[in-house]
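Listed below, chain by chain, are the residues.
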Amino acid sequence: MAQLPHSHDIPWTFSFSLWQDFRESWCLLMAAVTLALLSLPLEKFFLAWLLAAVLVLLALGDYRYGLLYDSLVALLFVLGAAPLYMSVVSLTSAFVGSLLGGGLLYAVRQLSHGGLGLGDVKLLAALGPWLGWQNIILCLLLASCLGAVYGGVLLLRGKMPRQGVLPFGPFLALGAVIAFAWGDSCWNWWEGVYVSIW
C-alpha cells in the first residue's frame, strides 16, 4: 500500500501537471478496463468506458494522495447526464440513488467520527445518475467487501498498522464499474442463490 506524502507535498487540486503524473498509470489501467468491457453492447461499452475513465483518475488520486478531487467528482456528476439521456437510468432512480448513496456514507462518516472521508460521500452521491438506487447498493456492497478483503490481507502480511489509513475511493470506483457494467447479472446471480437456499 502506498504511503501518503507529507501534507506540503500533496497537490490539493487536480491540474494538468497532476494528469501528467497520473497519465502512465491511467493508460495501463484503462487498457485493462477496455479489455474487460469489450463483451458489452456498444452503447453500454461507451458509457462504462466513460465512467471508468473518470473513476480511474479519482482512484489514483485517492490511492496516492488520499484525496478524491472535487473537480473530478463534479465532472462525474455532470457526465451522469449521458446515461439519463440514453435512458439507461431513470431520473427517479438516479435521484434516489444519489440520496441513498450519499446518505448512507454520510451516516457511516458520522458514526465513525470522521473515519470515512467526505470525498467518499460526495463520490457515491455523484454515482447516482450512473447507477440508480439498486446498483448504488450493489456498488457499496462490492466496495465494502473488496476493501475488507484487501485490508485484511495487508494486516495479515503486516503491511498496514491496525490504525492505518486505507483509501476507500479505489474500491468504490471498482464497485461502480462492476455495478454499471454487470449489475443485472450480479442481481440475477444473487436471486438464484437466494432461491436455491430458501
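If you're wondering where the values come from, they're calculated on a predicted model, not measured in any experiment.

A. Highlighting the overall build of the chain. Counting its regular elements, the chain contains 8 helices and 0 strands. Ordering the α and β elements of the chain from the N terminus gives α-α-α-α-α-α-α-α. Taking 2.2 N^0.38 as the reference for a compact globule, 198 residues should give roughly 16 Å; the C-alpha atoms of the chain span a radius of gyration of 17 Å, in line with that estimate. Relative to its 198 residues, the chain shows a buried fraction of 39%.

B. Quick peek at the environment of Leu67. With respect to the secondary-structure elements, Leu67 resides in the loop between helix H2 (42-65) and helix H3 (70-79). For Leu67, a relative accessible area of 18% corresponds to the buried category. A sequence separation of 114 residues divides Leu67 from Ala181, and the C-alpha atoms of the two residues are 25 Å apart. The contacts of Leu67, once residues within four sequence positions are left out, are Ile10, Pro11, Trp12, Leu58, Gly61 and Asp62.

C. Summary view of the nonpolar core. Judged by nonpolar contacts, the single largest core of 52 residues is most densely connected at Leu55, Leu58, Leu76, Leu127, Leu131 and Leu172. Broken down by secondary-structure element, the contributors of at least two residues to this core are helix H1 (16-37), H2, H3, helix H6 (118-126), helix H7 (128-156) and helix H8 (169-197). If one sorts the elements of this core by residue count, H2 sits on top with 14 residues. Once residues lying within four places of it in the same chain are set aside, the contact partners of Leu172 are Leu105, Asp120, Leu123, Leu124, Cys139, Leu140 and Ala143.

D. Inspection of H2 at higher detail. Look at H2: 34 Å from first C-alpha to last across 24 residues, which is about the 34 Å you get at 1.5 Å a residue. Backbone geometry just downstream of H2 places Gly66 in the positive-phi region, at approximately 70 degrees.

Quick notes on the rules
Residues numbered from 1 in each chain as written. Predicted model: local features only at pLDDT ≥ 70, side-chain atom pairs only at ≥ 80, totals over all residues. Heavy atoms only, no water. Helix = DSSP H or I, 4+ residues; strand = E, 2+ residues; numbered from the N terminus. Rg over C-alpha atoms; globule rule 2.2 N^0.38 Å. Buried < 20%, exposed > 50% of the residue type's maximum accessible area, 1.4 Å probe, protein only. Contact = heavy atoms within 4.5 Å. Core = buried A, V, L, I, M, F, W, Y, C linked by side-chain atoms within 4.5 Å. Expected span 1.5 Å × (residues − 1).

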